[in-house]
There are 4 protein chains.
Amino acid sequence: MGWNTWNAFSCNIDEQLILDTAQTIIELGFKDLGYHYVVIDDCWSAGRNSTGHLQPDPNKFPNGMNFLSDKLHSMGLGMGMYSNAGSLTCGRFEGSLGHEQIDAQTFASWGVDYLKYDNCFNEGQSGTPLITYTRYKAMATALNATGRPTLYSICNWGEDYPWKWAQTVGNSWRMSGDIFDTFDKPDARCPCTGEDAFECQLAGWHCSMMNILNKVAMFPDKGVPGGWNDMDMLEIGNGGMTDDEYIVHLSMWAALKSPLIMGNDLRKINAQTLSILSNPAVLAVSQDPISSPAFRRWRYYVGDKDENGQGEIQMWSGDLSGGDMLVVLLNAGNENRNMNATLADIFWDHGPGGTAPQVKQAWDVYDLWASRMDNTTANAIIAAAKANTTAPDNASPFRYNATANGGYAAGLTQNAPALFGKKVGSVQPGGKVTAEVRRHSVAMLRLRAQASPSSTKVEL
Amino acid sequence: MGWNTWNAFSCNIDEQLILDTAQTIIELGFKDLGYHYVVIDDCWSAGRNSTGHLQPDPNKFPNGMNFLSDKLHSMGLGMGMYSNAGSLTCGRFEGSLGHEQIDAQTFASWGVDYLKYDNCFNEGQSGTPLITYTRYKAMATALNATGRPTLYSICNWGEDYPWKWAQTVGNSWRMSGDIFDTFDKPDARCPCTGEDAFECQLAGWHCSMMNILNKVAMFPDKGVPGGWNDMDMLEIGNGGMTDDEYIVHLSMWAALKSPLIMGNDLRKINAQTLSILSNPAVLAVSQDPISSPAFRRWRYYVGDKDENGQGEIQMWSGDLSGGDMLVVLLNAGNENRNMNATLADIFWDHGPGGTAPQVKQAWDVYDLWASRMDNTTANAIIAAAKANTTAPDNASPFRYNATANGGYAAGLTQNAPALFGKKVGSVQPGGKVTAEVRRHSVAMLRLRAQASPSSTKVEL
Amino acid sequence: MGWNTWNAFSCNIDEQLILDTAQTIIELGFKDLGYHYVVIDDCWSAGRNSTGHLQPDPNKFPNGMNFLSDKLHSMGLGMGMYSNAGSLTCGRFEGSLGHEQIDAQTFASWGVDYLKYDNCFNEGQSGTPLITYTRYKAMATALNATGRPTLYSICNWGEDYPWKWAQTVGNSWRMSGDIFDTFDKPDARCPCTGEDAFECQLAGWHCSMMNILNKVAMFPDKGVPGGWNDMDMLEIGNGGMTDDEYIVHLSMWAALKSPLIMGNDLRKINAQTLSILSNPAVLAVSQDPISSPAFRRWRYYVGDKDENGQGEIQMWSGDLSGGDMLVVLLNAGNENRNMNATLADIFWDHGPGGTAPQVKQAWDVYDLWASRMDNTTANAIIAAAKANTTAPDNASPFRYNATANGGYAAGLTQNAPALFGKKVGSVQPGGKVTAEVRRHSVAMLRLRAQASPSSTKVEL
Amino acid sequence: MGWNTWNAFSCNIDEQLILDTAQTIIELGFKDLGYHYVVIDDCWSAGRNSTGHLQPDPNKFPNGMNFLSDKLHSMGLGMGMYSNAGSLTCGRFEGSLGHEQIDAQTFASWGVDYLKYDNCFNEGQSGTPLITYTRYKAMATALNATGRPTLYSICNWGEDYPWKWAQTVGNSWRMSGDIFDTFDKPDARCPCTGEDAFECQLAGWHCSMMNILNKVAMFPDKGVPGGWNDMDMLEIGNGGMTDDEYIVHLSMWAALKSPLIMGNDLRKINAQTLSILSNPAVLAVSQDPISSPAFRRWRYYVGDKDENGQGEIQMWSGDLSGGDMLVVLLNAGNENRNMNATLADIFWDHGPGGTAPQVKQAWDVYDLWASRMDNTTANAIIAAAKANTTAPDNASPFRYNATANGGYAAGLTQNAPALFGKKVGSVQPGGKVTAEVRRHSVAMLRLRAQASPSSTKVEL
């Protein structure tokens, strides 16, 4: 979890932006929700000096990178940087291919805690998993050799099936082309859309949120603790989607255990964006201690297509700690609809055809978006942050201070109310979960086993 | 033929389970039907010791592996184990990549007769047949160097077309993602379903039985004596399919000459499961001395789709010893139906367009499921096994003791009745075989040439 | 052009069969039509001797291979043999992979003029053009090093795109899976049927004649003088197709400049088979001196599907020597039909959209099948051959003796009537060629420029 | 920009053709429009001499290549030549594979400024980006080592995804099979037509203009300053398309920043061809200083299919210098139609869903084809060139002399009228651009921001 400069600022970055954003991360309560890394993406560089060491752009970073990392560390945040496994970065600054050791040492000497490592201008070094693995492994080895723990974020756009090999190389790997701030609009530049999209040789960019979701649906299990599918950085708050669509965005990224890297201008955040990104009940799914991604149980195309010609509904479910179960009913059709999911489908992996023991149980249903922070509270937090006062996060029933409470695992064990949204009903043995789901939105539900079977049908 | 821990127990294994199961294999008569290997799948390991040798988990296997193999050998069974051609096993225990020699020696020293060799965490060593071949060949060479004959079961999920190269490396090779205990339900995690599924770059898991069958249909001939397509372990008895669906499962695995590795909890076997897994007439197809897989002659989609949206019918046929012919009419539609197959189609490979001499002949038709053991007999066998008495297998007309009778080849030569099911009709020259086939079931028929042409139409 | 043992005899071969067939080739006039190589396919071997040299099976070839090649050479025929670029041949005899030099020397010492080099058990040496090229180039280099001119027939089933690299390695390359003696019946074992079939990773076998034709349609131009697409050996006379279908077979193989290797039992040839294989007007297309393959100009699916569910029509055209033009109207629908082709489409490559100068010309139309030898004549030839008398081929107006006449090039220059079939009409400038084409047959037409434009519409 | 021998003359080339064409390039004003390189394609060679140096064919080029380059240089033009990254060229002359250094030195010694480097007979050296990269990089290294600046035009037909690696190797790379002079007629020999056409393993030839356009649509962004997608040489003037279709051809090649290499016989140019190739307003898009390719914003199939069975409409837009925006409405349907594009779609990349600030602005609309040179003027220029007098290009309001005016960048800055076509209307904030677009033609429009919002709807 963290924040990255690219989606909102691309190359227009400097020291002040980083420091202001870091301060805002703390004041808005994001740090205490777990957002930790502040990542400087492409365009920070002034090339190599006479000894071959990378140099920061002195206009953008006049005090150098150690100054910045010291500041971030003193705030309790992590410092992230960017380089590229090619001769040039995507923005055509110096790349690290063939310079892995010296660059890793430079980053370590700068106090860097996180490295995003991109894939442009890679000099033809792709085409089989082995070729790409070797290129990315070189930087992993170099980072490890520095002795400084560095989260290694592989960004090779899913080329050469990183989900086949990256678990032992890095901490996450991008599995698609770049995200664009749109719910489901197709774009010629993100061409792989079918059921064999995982074989795509042109990852592309301007991929919609739904495009990425439907790509990862084939291999959520490739993520393991310490090595995750990266669905790309969040667009929440950048303006291209509706509030409901951004709810889908965070819900699915959390359900899939994708890294959650904010990509908006935090200095100008509004109440709706704050309340989405701050929802502790959803973040607790992302950070669940058993680290089990959700799987898509079904997908149907529907007739109510939206203005982009798309229309479908999906159901996802996944194990949560404490024997709980996540259920996400996704309505990507153009109309609000009543949706439902049978326990047999929800617990499919625990026993096919309704044979899972969980199907014979009764469950309470918690709506993880029902206790979303109201706008009044959110605006108060934003106003406090602008006034450089401490955010009243712990005072709010909608907030969760992971720092103060020993992380999400502790909160889940202690049944911290903020992590469970609101109880909205129950489901009897062999029954089904139902929910009204708005157009382009989700019902994100947490099922907890009842002590004894209930005969009450769930009413959401 | 054998049994493996994974499908029923995954990581929950120990010495007692192995020994109990071995004992049950004998008492239920499975050993005498040819089920020979008892295979310990993943999660047995405690990593490497200071000399780099793999160690069994002392809690699960307190008496070590030699104790276990001695026991199995003394029972007349073979000992199978599991490792992985990667840095870690799928369950993230130590893998054998780069340790092939020492691990092969360890397995030999433990008296191992069978090695299943998996494909997780393979450090990018995939992408062309040559890369994968080299990785799997390394273990083949190491096993051969030990001097101990070891059946080598390659489990690389069909990646890089093992049917192109594995015949000279191992004894079998998985040709798909992992099976799941469902007849035909699609799952997003097993994405390759079309006519080019053999090119799949994401083998996946949770593949249905029909999914695997339809994948192997394109290349049954790649199996040769001593090197077979492995359609994955049996799910029979695990509860996710109906009795008829499990009949399809065993029938097709036998017809295709896939390894038959039971995957259920034998200690809790019920009568239906026993009578399927014990059908000697079907097992005799699997173990037929001419080792010729069946081929799919036709496939039609049908309108009566099942609850999973699937519906199709197929006809398979294949040469059997003694000039016999196997015919399987598979009804994967949602309704019972009358099916038929012409001799021209059945004997297509012997001469296209009805030109095969066999088409001009009359045939008797044997239904290989018609003499399935009844539940009373099966329950008696189960009860006897629970009482640790000898199973009355030889007393039953439904049983075949391959051990006592010199194997299936001898029984076929001697026309042992148990290997031929029940004669249900005949088919005249140029005619067609017909059968009523229940929903999600098969008619599995053995054709034997009549001495002279018959004018009786087959009545099944 | 030649004959090969496999399609009719597979492994049931011996010296006598070769000698009898060679004698028949001469007596039936095939030699004088240009059929030159007598090829012994798989199953001739008895493995390697103590010096590592391949040995012929002493039961099948008791007098050794030099005896046989001396006999063939004395008859004026070429001797062809078979080996395999793998550890074993497809029939699991010794392969030549890693033994290229010694085996090439052996073949040269045996007087071999032609080597078919197969692709089984290739030890994973495939997956990129470079890997496969290297494997096949090794034998090319070895053959060249012997100093004996040897026609090198690459048989790697189209894997790794031999049409990208084989022109500088061998004289022909198979571009598909094995042919089966059927017009268009689909078979699960020959799975690539779509418009991307050229990318097939499972060449398969039991490919229908139409399947192969539709695969090669995408790249006829990859054949160059001295290096040709090999559409596999002929099935003409083996009984699985109708007379019309075999007409299509020879017509298209000739139009595409595929090697013409007979695959039937010549000792039992009937009149129809003889008259197809002997049609000099069609063979003159195959052996045309400008060596330009025909191209498919259009393809339409039609509603009258045949019993295999197939139905389509196609038009092919290609340059011939003397400024002539080949036109093939292929009716693969289920009904006889009137077909036509515009000069604009026929001469498309000479100027798109009707801009070719040839479109403004008038043409005479010759039907290359109209002068097919009648059955009486054919039976007389067959009877003479059985009586070991000389075939009266030169006496017949339907025959052409390429040997006596200096080859096809000379005959074309001299307007030898046998090479032009029968004039059946003409086509005016800007007009269209029309023909009645029977179900599963072709009109194979040769257009010759008229001295001056004609106003007569073609009547076929 | 330049001219190449192949499309109009293939192998029928000689010194006189080159010199005549060069003279014509100057006299028709093409040189002053920026057409600079005169490229001798395949078939110039007489092989290597005893020192291994390539020699020009003495019949075609009796005075040698230095004579020719001196002449071209004295005219202020660049000299282009052709070789091939294989053992032979496509026309089967000597190739440069393995001779990169000596051949690069030869070309440099001949004064060559531009090298087209083809892909035939490449000895299996393809199959992964790395293999192909290495082969093409060898010539890049050799060219650089000569010290002579040489534009390096990679012609490997898009194999192995040159858009992944060629930016750091050459100045442009072909991304498809060879163009043929047809608008949209499908051809079996150019088989990849679907949405995954970028993965094509058979680039083929006889690709229609629309085929190439639809292939490049997925990756225009892969072109960067100094390294461009090459959509192949222009067919304008060769006769296979209509005037409108050639307008589409130049418009799209310019919009995509493809190299503009004329391929017609300039000595026989007619007025229509001259006025298309000379349109400075379109050439200014090609040579725009910010070098930003247009992107396809939408594509719809339409019911009015043409005689080739094709029918679709598309909208493209792309950034131009000065904050201007290019909009191309492409009508590839069979009927004239009214088309429109919303500002939201046009400025999609500047902010999805209409959020771009540009959407809130008013724009003037310039039609870049509205000031196309009239036939009287064009014929006068052609007549003058035939009389070897200077073309009156600067006198015409339809011409632009880039030489005299310091290039297109200067002209754009100075608002040179010839670079802006004709103002035809305006569009209000949040509005849409509309245009009548003829069958198989485009409206190519340049949007310039108004000083203040306009309420006038655009009338074209």
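Look above for the structure.
Since the model is a prediction, treat every value here as computed from it, not as a measurement.

Conventions used here
- Residues numbered from 1 in each chain as written.
- Chains lettered and ligands numbered in written order.
- Predicted model: local features only at pLDDT ≥ 70, side-chain atom pairs only at ≥ 80, totals over all residues.
- Heavy atoms only, no water.
- Contact = heavy atoms within 4.5 Å.
- Buried area = accessible area lost by both parts, 1.4 Å probe.
- Salt bridge = Lys/Arg side-chain N within 4 Å of Asp/Glu carboxyl O.
- Polar contact = N/O pair within 3.5 Å; in protein donor to acceptor, adjacent residues only side chain to side chain.
- Helix = DSSP H or I, 4+ residues; strand = E, 2+ residues; numbered from the N terminus.
- Nonpolar A, V, L, I, M, F, W, Y, C, P; charged D, E, K, R; others polar.
- Pairing = 2+ DSSP bridges.
- Axes fitted to C-alpha atoms, helices over the stretch in contact; angles between N-to-C directions.
- Least-squares fit on C-alpha atoms with pLDDT ≥ 70 in both.
- Disulfide = S-S within 2.5 Å.
- Buried < 20%, exposed > 50% of the residue type's maximum accessible area, 1.4 Å probe, protein only.

Time to look at the interface of chain A and chain B. In this complex, chain A contributes 30 residues to the contact, which on the side of chain B involves 29 residues. Buried surface at the junction of chain A and chain B, both sides included, amounts to about 2400 Å², of which 59% is carbon and sulfur. Linking chain A with chain B are three salt bridges, by the criterion used here. Linking chain A with chain B are nine residue pairs in polar contact (both at pLDDT 80 or more). It is helix 6 (residues 129-146) of chain A that contributes the most residues to the side of chain A that touches chain B, four residues altogether. In terms of residue class, the side of chain A that touches chain B is built from 16 nonpolar, four polar and 10 charged.

A separate point is the sheet that holds strand 15 (residues 363-367) of chain C. All names here are of chain C. If you walk across this open sheet you meet the six strands as 11-12-13-18-15-16, and the pairing is antiparallel. The sheet is open, and its two edges are formed by strand 11 (295-301) and strand 16 (422-427), each paired on a single side. When the angles between neighbouring strand axes are averaged without regard to direction, this sheet yields 20 degrees. In terms of strand pairing, strand 12 (residues 312-319) meets strand 13 (residues 325-331) through seven bridges, oriented antiparallel.

Turning next to the interface of chain A and chain D. With 29 residues of chain A at the contact, the number on the chain D side is 30 residues. Between chain A and chain D, the buried area comes to about 2300 Å², and carbon and sulfur atoms account for 59% of it. Residue A:E159 pairs with D:K164 through a salt bridge whose shortest N-O separation is 3.5 Å. For the pair chain A and chain D, the number of links is eight residue pairs in polar contact (both at pLDDT 80 or more). Residues of the side of chain A that touches chain D, tallied by class, amount to nine nonpolar, 12 polar and eight charged.

With that settled, the discussion passes to the relation of the copies chain A and chain D. Superposing chain A onto chain D takes a rotation of 90 degrees plus a shift of 0.0 Å along the axis, which leaves an RMSD of 0.0 Å. Between the two chains, the operation in question is that of a four-fold axis. The rotation axis passes nearest to the C-alpha of A:T128 in chain A, at a distance of 5.3 Å. When the interface residues of chain A are mapped onto chain D, a mere 7% of them again lie at the interface, so each copy presents a different face.

It is worth spelling out the state of the cysteines at this point. Throughout the structure, instances matching the rule amount to 16 disulfides over all chains. Linked covalently through their sulfurs, A:C90 and A:C120 form a disulfide whose S-S length is 2.0 Å. Taking the torsion about the S-S bond as the criterion, the A:C90 to A:C120 disulfide, at about 95 degrees, is right-handed. Of this pair, A:C90 sits in the loop between strand 5 (78-84) and helix 5 (100-109) while A:C120 sits in the loop between strand 6 (114-118) and helix 6, and the two are 30 residues apart along the sequence. In this model, C:C190 is linked to C:C207 through a disulfide, with the two sulfur atoms separated by 2.2 Å. Given an S-S torsion of about 100 degrees, the disulfide between C:C190 and C:C207 has right-handed geometry. One end of the pair, C:C190, is in the loop between strand 8 (172-174) and helix 7 (209-216); the other, C:C207, is in the loop between strand 8 and helix 7, and 17 residues separate them in sequence. Neither residue differs from the other here; C:C190 and C:C207 are each classed as buried. Each disulfide of chain A joins two cysteines, and with those cysteines numbered along the sequence the arrangement is 1-2, 3-4, 5-8, 6-7.

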